Amino acid sequence: SGSRFGTFPAQSVHELLERCRVRVLEGSGVRLHVVGTSGFNHAALEGVRRFRWLNLLILIVLLVVCRTLFGTWRCGLLLMGVLATAGLLVYGAMSLAGAPIDLLSTGLFLMLSVAAIEDYLFLCARQLREGVAWRRNFRSLLVPGFFTSLTTVLGFGSLLSSDLAIVRRFA
């Protein structure tokens, strides 16, 4: 059965585990350990579900960091808006391409956040320190930003040659 997590029947395994917990394990002191491919896939999907909270947490942390460093909420809200838009574009493109959310792709938003924060903080600090207009400040980073993006695209493109389907999808 297809889902946004691929073809693994996650709901079936989840229902089986819940029945075991309720009917057998509750109050018995016995612990349930699931092994094998289904156990791994179930644990991996639980990790994917929980990773959403990490993505939300990174946005909150960045908002607080920007407020602390620059004394304004506007700085953090702008960054959050840019990251949320980028995340929607990336995951939307994945959806259009039919790529499932898996262990590697769950980390894309966190990677985007980490990649964006350094340049963003540099731009904000430079504007505050030197009083440079945003456009001039941004233009001064266009060429370095282009080459950074180009090398990232090339790096991800090289992953297309991987023997592992999950790595090729990540590319």
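As the structure is a computational prediction, the values presented were derived from the model and not from experiment.

About the thresholds
Residues numbered from 1 in each chain as written. Predicted model: local features only at pLDDT ≥ 70, side-chain atom pairs only at ≥ 80, totals over all residues. Heavy atoms only, no water. Helix = DSSP H or I, 4+ residues; strand = E, 2+ residues; numbered from the N terminus. Rg over C-alpha atoms; globule rule 2.2 N^0.38 Å. Buried < 20%, exposed > 50% of the residue type's maximum accessible area, 1.4 Å probe, protein only. Areas by Shrake-Rupley, 256 points an atom, 1.4 Å probe, with all protein chains shown as cover. Expected span 1.5 Å × (residues − 1). Bend = angle between axes of the 7 residues up to and from the residue. Phe/Tyr/Trp six-rings, centres within 6.5 Å; stacked < 30°, edge-to-face > 60°. Contact = heavy atoms within 4.5 Å. Axes fitted to C-alpha atoms, helices over the stretch in contact; angles between N-to-C directions. Left-handed = near helix turned anticlockwise from the far one by under 90°. Nonpolar A, V, L, I, M, F, W, Y, C, P; charged D, E, K, R; others polar. pLDDT = per-residue confidence, 0-100.

With that out of the way, let us pick up the overall build of the protein. What the protein contains, in helices and strands, is seven helices and zero strands. Listing every helix and strand of the protein by position from the N terminus yields α-α-α-α-α-α-α. On C-alpha atoms alone, the protein measures out to a radius of gyration of 21 Å, which is more than a quarter above the 16 Å that the 2.2 N^0.38 rule sets for 171 residues. In terms of principal-axis extent, the alpha carbons of the protein reach across some 65 × 40 × 20 Å. In the protein, which comprises 171 residues, the proportion classed as buried is 25%. Summed over all atoms, the accessible surface of the protein reaches about 11,800 Å², with 66% contributed by carbon and sulfur.

Further remarks concern helix α2 (residues 36-70). The end-to-end C-alpha separation of α2 is 50 Å, in line with the 51 Å expected for 35 residues at 1.5 Å each. Considering bend angle alone, the principal kink of α2 is centred on R50 and spans about 25°. For α2, every residue scored as buried is listed here: G39, H42, A44, L45, V48, N55, I58, L59, L62, L63, C66 and F70. Backbone geometry just downstream of α2 places G71 in the positive-phi region, at approximately 70°.

Tallying each qualifying case throughout the model produces two aromatic pairs. Ring geometry for F146 against F147: centres 5.2 Å apart, planes inclined by 70°, an arrangement best described as edge-to-face. What makes F147 partly exposed here is its relative accessible area of 47%.

The next point concerns the side chain of S113. Its place among the elements puts S113 in helix α4 (residues 108-130). Residue contacts for S113: discarding those within four places in its chain leaves I58, L62 and L83.

A word on the packing of helix α3 (residues 73-97) against α4. The N-to-C vectors of α3 and α4 enclose an angle of 145°; their axes lie 10 Å apart at closest approach. By crossing handedness, the relation of α3 to α4 is classed as right-handed. Note on element contacts: α4 touches α3 through L108, F109, L112, S113, A116, I117, Y120 and C124, opposite C75, L78, L79, L83, A84, A86, G87, V90, Y91 and M94. Taken together, the residues of the contact of α3 with α4 break down into 16 nonpolar, two polar and no charged.

Another point: the side chain of S105. Tracing the backbone through its elements, the reader meets S105 in the loop between α3 and α4. Apart from the residues within four sequence positions on either side, S105 is in contact with Y91, M94, P100 and F170.

To continue, consider the confidence of the model for the protein. Should pLDDT be low for a region, the predicted coordinates there are not to be read in detail. On average, the protein scores 82 in pLDDT, and the residues at 70 or more come to 94%. In the model of the protein, helix α1 (residues 10-25) stands out as the element of lowest mean pLDDT, 78, in contrast to α3, which has the highest, 89.

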